[in-house]
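Next come the chains, spelled out residue by residue.
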Amino acid sequence: MLITSWLAVAGLLLWLGYEIMLRRRSDVGAASSDGGGAASSDGRGADRGSTLLLVVAYNLAIVLIIVLGLAGVGRMPVGVRWIGLAMMAAGLGLRAWGMSVLGRFYTRTLHVTGDQRVVTAGPYRLIRHPGYAGSLLVWTGYCVGGGNWIALVVVAALMSAAYGWRIRSEERLLIDTFGEEYTAYQRRTNRLVPLVY
């Protein structure tokens, strides 16, 4: 196995470790700030099944990547694989920055706390979902870093659909909660890519 493949696996494990840490942090923060409501929310209602959809997408992506790797199809040149590792590093950094700025308002399911506000600092000045953008970079970068273009196409489509549903669900909740404040924020920012989308 090439070094780029090992580094891609390490990057995905780092992303997973960070996700676990964020969830634990949100569990502790939510329990202290609102009696456990934010992190212990069961995901029904505003979540619209998006948390479960993301977990299913992650598992399908892992199975697909393993199967395609074992089959030996869709190989990319080694030079291109380093681009995938750079994508993963950028995604991990963007996700960490976004979650750091969001701070205690981060929850593992879609939920708004009583004192929550629209966050517009850091990466949120330009895009509304830097954490999701970072995760998409990690997953697509993993496929490129692992050297499989077939996995890249299928995982990109799978994750785009799952995160698209999550984003629509989250934005519906935020519009219902913050009204014109959030819609004004939507008008001056993009969802995932500055000046593009």
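Let me sum up the structure you'll find in this document.

What counts and what doesn't
- Residues numbered from 1 in each chain as written.
- Predicted model: local features only at pLDDT ≥ 70, side-chain atom pairs only at ≥ 80, totals over all residues.
- Heavy atoms only, no water.
- Helix = DSSP H or I, 4+ residues; strand = E, 2+ residues; numbered from the N terminus.
- Buried < 20%, exposed > 50% of the residue type's maximum accessible area, 1.4 Å probe, protein only.
- Contact = heavy atoms within 4.5 Å.
- Expected span 1.5 Å × (residues − 1).
- Phe/Tyr/Trp six-rings, centres within 6.5 Å; stacked < 30°, edge-to-face > 60°.
- Patch = residues over 30% accessible without salt bridge, like charges linked within 9 Å, V, L, I, M, F, W, Y side chains within 5 Å.
- Areas by Shrake-Rupley, 256 points an atom, 1.4 Å probe, with all protein chains shown as cover.
- Salt bridge = Lys/Arg side-chain N within 4 Å of Asp/Glu carboxyl O.
- Axes fitted to C-alpha atoms, helices over the stretch in contact; angles between N-to-C directions.
- Parallel < 35°, antiparallel > 145°, perpendicular 65-115°, else oblique.

1. As for the environment of Glu 170
With respect to the helices and strands, the residue Glu 170 is situated in helix α6 (residues 149-178). On the basis of relative accessibility, which here comes to 16%, the residue Glu 170 falls in the buried class. Beyond its immediate chain neighbours, meaning those up to four positions away, Glu 170 contacts Leu 110, His 129 and Tyr 132.

2. Thoughts on helix α4 (residues 78-102)
Helix length check: α4 (25 residues) gives 37 Å between terminal C-alpha atoms against 36 Å at 1.5 Å per residue, within 8%. All of the buried residues along α4 are Arg 81, Gly 84, Leu 85, Met 88, Gly 91, Leu 92, Leu 94, Arg 95, Gly 98, Met 99 and Leu 102. Just past α4, the residue Gly 103 takes up positive phi, approximately 55°.

3. Notes on the packing of aromatic side chains
The final tally for this structure, using the stated rule, is six aromatic pairs. For the ring pair Tyr 58 and Trp 139, a centre distance of 5.5 Å and an interplane angle of 5° mean the geometry is stacked. Of the two residues, Tyr 58 is situated in helix α3 (residues 50-71) and Trp 139 in helix α5 (residues 130-145); the sequence distance between them amounts to 81 residues. Residue Trp 139 is classed as buried on the basis of its relative accessible area of 1%.

4. What about a nonpolar patch on the surface?
Residues Leu 2, Ile 3, Trp 6, Leu 7, Val 78 and Trp 82 make up a contiguous nonpolar surface patch of roughly 600 Å² in combined accessible area. When residues in the nonpolar patch are grouped by element, the largest group, three residues, is from helix α1 (residues 3-34). Residue Leu 7 is classed as partly exposed on the basis of its relative accessible area, which comes to 38%.

5. Some points on the environment of Trp 15
Relative to the assigned elements, Trp 15 resides in helix α1. Residue classification places Trp 15 among the buried residues on the basis of a relative accessible area of 4%. Between the C-alpha atom of Trp 15 and that of Ser 135, which follows or precedes it by 120 residues, the distance is 8.0 Å. Not counting chain neighbours up to four residues away, the residues in contact with Trp 15 comprise Tyr 58, Leu 92, Arg 95, Ser 135, Val 138, Trp 139 and Tyr 163.

6. Here we look at the side chain of Ser 5
You can see Ser 5 is positioned in helix α1. Those residues within four positions of Ser 5 in sequence are excluded, and the remaining contacts are Arg 81, Gly 145 and Gly 146.

7. Observations concerning the packing of α3 against α5
At a minimum axis separation of 12 Å, α3 and α5 run at an interaxial angle of 5°. If you check the angle between α3 and α5, you find them roughly parallel. Contacts between α3 and α5 involve Tyr 58, Ala 61, Ile 62 and Ile 65 from the first element and Trp 139, Tyr 142 and Cys 143 from the second.

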